[in-house]
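Take a look at the letters that make up each chain.
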Amino acid sequence: MSVSKLVFPPLTHIGWGSLQQLLPEVEKYDVKNILVVTDPMLAQIGLADRVTAPLKENGYEVTLYTEVIPEPPLEVGEKLVSFTRDGGFEMVIGIGGGSALDLAKLAAVMAEHDGPAADYLNLSGTKHVEKKGLPKILIPTTAGTGSEVTNISVLSLKTTKDVVTHDNLLADVAIVDAELTVSVPPRVTAATGIDALTHAVEAYVSVNASPVSDGLALQAIRLIARSLRKAVEDGSDKQARIDMSQGSYIAGLAFFNAGVAGVHALAYPLGGQFHLAHGESNAVLLPYVMGYIRNSCPKRMADILNALGGNSSYLSEEEASYKCVEELERLVKDVGIPSTLAEFDIPESALESLTRDGAKQKRLLARSPLPLTENDIREIYSSAFKGKVTEPIM
Ligand code: NAD
């Protein structure tokens with residue numbers, strides 16, 4: 001029997017209207033000077049005010065930092081880290097998509113560490129996170145990344161992405177309120193929703209999967225499969241938003257504990273080199289990676305098919321795994337995400353640089369049920385250019 005280490009964030013409030021729990025949670029801490037990290041869009045549409053207003057009304061000193069940009073480059077993170085160190089803040093609250101939440105937790109932890117955040121990166125850093133940093137409360141406004149429950153902060157580098165990761169980056173409190181996701185536009189709803197689905201799918205087939213992460217992953221897939229199309233079609237569909245918000249949270253718990261693998265490893269260079277949104281880069285690769293590895297985990301692919309709403313009972317595992325890839329492909333298409341790299345205007349001449357950078361993501365690739373060599377990675381990117389799922393040559 002294998003032993004799994006399972007880590008969950010200490011406290012979550014989840015459900016429509018749960019933002020009301022923010023003030024009582026902040027009041028549990030002996031703090032006065034609070035930094036709220038968000039992006040300009042969330043400030044503009046008034047969502048950031050929903051965090052800052054009740055705090056200000058109750059006598060807290062609140063500084064709103066709005067310089068987060070999507071898929072934040074390392075330099076944007078460094079700037080926020082300096083700002084946080086200089087500001088004498090006692091708590092950091094992140095409100096936004098994964099980009100804002102990732103920078104909020106980075107800033108909270110780096111406030112009590114020396115040197116640039118670059119020193120703490122997973123691939124190239126030389127220092128280790130040692131201290132817990134400032135208390136952090138994370139409030140997602142997209143249903144996708146699960147950043148509110150993970151110990152990861154993702155940063156964009158010149159040609160790929162890297163992470164700062166340590167349990168000290170975990171939120172002290174997560175508040176997951178689906179009401180905050182109603183304003184997400186359809187394209188972002190689609191991309192972030194497929195991101196959440198990818199977390200659950202990759203967690204379920206991960207070599208580090210456990211019975212606990214399995215239960216979480218399958219439930220996340222069920223919720224997302226039944227509601228993503230609806231949330232994209234009609235953003236005001238309350239039940240669809242609730243399903244997506246909870247599905248994203250549960251998928252976050254699943255992948256934080258079991259890990260993601262090949263889809264994410266190959267998606268990172270698309271974000272780094274071509275600035276594709278994280279969700280879209282996962283979405284375009286999902287069918288190709290899962291199609292390539294499906295024969296290494298056919299039973300699990302059959303389970304995923306069932307969770308997606310299909311029926312594997314009259315199929316062989318081999319057939320079910322094939323059908324599962326078809327279902328994933330269909331869902332990505334139905335929510336309007338282009339299904340080839342060419343449709344994202346990525347030139348085929350990038351094949352080698354993508355392959356090189358994808359192969360560097362050893363932390364992620366180590367969880368793939370089918371070990372992926374550099375040749376396999378080239379083959380998968382190549383199939384994503386052509387729009388035709390391929391399988392390894394045996
Ligand atoms: P995002 O945070 O970049 O936001 C995308 C866009 O949606 C932005 O323009 C933002 O302003 C807008 N937006 C967000 N919420 C909105 C709302 N309620 N209404 C209207 N507009 C809204 O997108 P994301 O996909 O949530 O996060 C992506 C980042 O998260 C990437 O950097 C990715 O690498 C990272 N990520 C982190 C983890 C983790 O565990 N830490 C996991 C997956 C991805």
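A. Local environment of the overall build of the chain. Within the chain, the secondary structure is distributed over 15 helices and 8 strands. For the chain, whose C-alpha radius of gyration is 20 Å, the value lies close to the compact-globule estimate of 21 Å for 394 residues. Once the C-alpha set of the chain is aligned to its principal axes, its extents read approximately 65 × 45 × 45 Å. Across the 394 residues of the chain, 60% fall into the buried class. Considering only contacts in the chain between residues 6 or more positions apart, those separated by 24 or more positions represent 77%. Total accessible area computed for the chain in this model is approximately 15400 Å², and 52% of it derives from carbon and sulfur atoms. Computed over 35 positive and 49 negative side-chain charges, the inter-centroid distance for the chain is 2 Å.

B. Region of interest: the state of the cysteines. With the rule as written, the count across this model stands at 0 disulfides. C297 forms no disulfide, and the closest cysteine sulfur to it belongs to C324, at a distance of 8.7 Å.

C. A look at a nonpolar patch on the surface. A cluster of nonpolar residues, L6, F8 and V212, forms a patch on the protein surface that exposes about 230 Å² of accessible area. Assignment of secondary structure puts F8 in the segment before β1 (12-14).

D. Focus on helix α4 (residues 74-87). Between its terminal C-alpha atoms α4 stretches 20 Å, which fits the 20 Å expected from 14 residues at 1.5 Å a residue. Of all the positions in α4, only L74, V76, G77, E78, L80, V81 and T84 are classed as buried. Contact partners of the buried residues in α4: β2 (33-37), β3 (61-65), β4 (91-96), α5 (98-110) and β6 (152-156). Directly beyond the C-terminal end of α4, a positive phi value near 60° is found at G88.

E. Molecular detail of the packing of aromatic side chains. What the rule picks out here adds up to 2 aromatic pairs. Ring geometry for Y65 versus F83: centroids 4.9 Å apart, planes at 50°, classification tilted. Placement of the pair is Y65 in strand β3 and F83 in helix α4, with a sequence separation of 18 residues. Under the relative-accessibility criterion, Y65 is labelled buried at 5%. Three or more aromatic residues joined by ring pairs make a cluster, and in this case those are Y65, F83 and F89. The ring of Y60 is capped by K32, whose NZ or CZ atom sits 5.4 Å from the centre of that ring.

F. Helix α9 (residues 262-274), seen in detail. With 13 residues, α9 should cover 18 Å at 1.5 Å per step; its first-to-last C-alpha distance of 18 Å lies within 8% of that length. The element α9 is extensively covered by neighbouring structure, given that 12 of its 13 residues are classed as buried. Listed as buried for α9 are G262, V263, H264, A265, L266, A267, Y268, P269, L270, G271, G272 and Q273. Positive backbone phi, approximately 55°, marks H275, located one or two places after α9.

G. The arrangement of the sheet that holds strand β8 (residues 173-176) in detail. Read from one edge of the open sheet, 6 strands run β1-β8-β5-β4-β2-β3, paired in parallel fashion. Looking at the sheet topology across the chains shown, the edges are occupied by β1 and β3. This sheet shows a mean twist of 15° between the axes of neighbouring strands, independent of strand direction. With 5 bridges connecting them, β2 and β3 associate as parallel partners. Counted as the bridge partner of N33 is E61 from β3.

H. Fine view of unusual backbone geometry. Its identity is not glycine, yet H275 carries a phi of approximately 55°, on the positive side. You can see H275 is positioned in the loop between α9 and α10 (278-293).

I. Summary view of the pairing of β4. Counting buried positions over the 6 residues of β4 gives 6, a clear majority of the element. Burial of the side chains of β4 extends over both faces: M91, I93 and I95 are buried on one face and V92, G94 and G96 on the other. Inspection of the sheet shows β2 paired to β4 by 4 bridges, in the parallel sense. Bridging from a neighbouring strand, V37 pairs with G94 of β4. Where β4 and strand β5 (residues 136-140) come together, 5 bridges link them in parallel fashion. Following the sheet pairing, I95 is matched in β5 by I139. After leaving β4, the chain enters α5 and then returns to the sheet as β5, a path that is right-handed.

Scoring rules and cut-offs
Residues take numbers from 1 onward in each chain, read along the sequence in its written order. Whole-chain, interface and lining totals are the exception, using all residues; otherwise, since this is a predicted model, local features are given only for residues with pLDDT of at least 70 and side-chain atom pairs are given and counted only at 80 or more. Only hydrogens and water are set aside; all other atoms, that is, all heavy atoms of the structure, feed into the side-chain values. Only DSSP runs of H or I reaching four residues or more are called helices, and only runs of E reaching two or more are called strands; each is numbered from the N terminus. We take the radius of gyration over the C-alpha atoms and set the globule estimate at 2.2 Å times the residue count to the 0.38 power. Each residue is assigned to one of three classes by its accessible area relative to the maximum for its type, calculated with a 1.4 Å probe on protein chains only: buried under 20%, partly exposed between the two thresholds, exposed over 50%. Contacts are assigned to residue pairs with any non-hydrogen atoms lying within 4.5 Å of each other. Only the protein chains shown count as covering a residue, and every accessible area follows the Shrake-Rupley method with a 1.4 Å probe. In summary, the charge assignment counts Lys and Arg as positive and Asp and Glu as negative, without counting His or the chain termini. By convention, charge coordinates are those of NZ in Lys, CZ in Arg, CG in Asp, or CD in Glu. The disulfide definition used here is simple: a pair of cysteine sulfur atoms within 2.5 Å. Candidates for patches are residues over 30% relative accessible area with no salt bridge; among them, like charges are joined within 9 Å and nonpolar side chains (Val, Leu, Ile, Met, Phe, Trp, Tyr) within 5 Å. What counts as a salt bridge is simple: a side-chain nitrogen of Lys or Arg found within 4 Å of a carboxyl oxygen of Asp or Glu. Here, expected helix span is obtained from the residue count minus one, scaled by 1.5 Å. We call Phe, Tyr and Trp rings a pair once their centres come within 6.5 Å, taking the six-membered ring for Trp, and we label the pair stacked below 30 degrees between planes, edge-to-face above 60, and tilted otherwise. Note on geometry: a ring has a charge over it if NZ (lysine) or CZ (arginine) is within 6 Å of the ring centre and within 35 degrees of the ring normal. Strands are treated as partners if at least two bridges between them are detected by DSSP. Axes here refer to lines fitted to C-alpha atoms; in helices the fit is confined to the stretch in contact. Angles between the N-to-C directions go from 0 to 180 degrees. Whether a crossover is right-handed depends on one test, that the path from the first strand over the helix to the second runs clockwise when the strands point away from the viewer.

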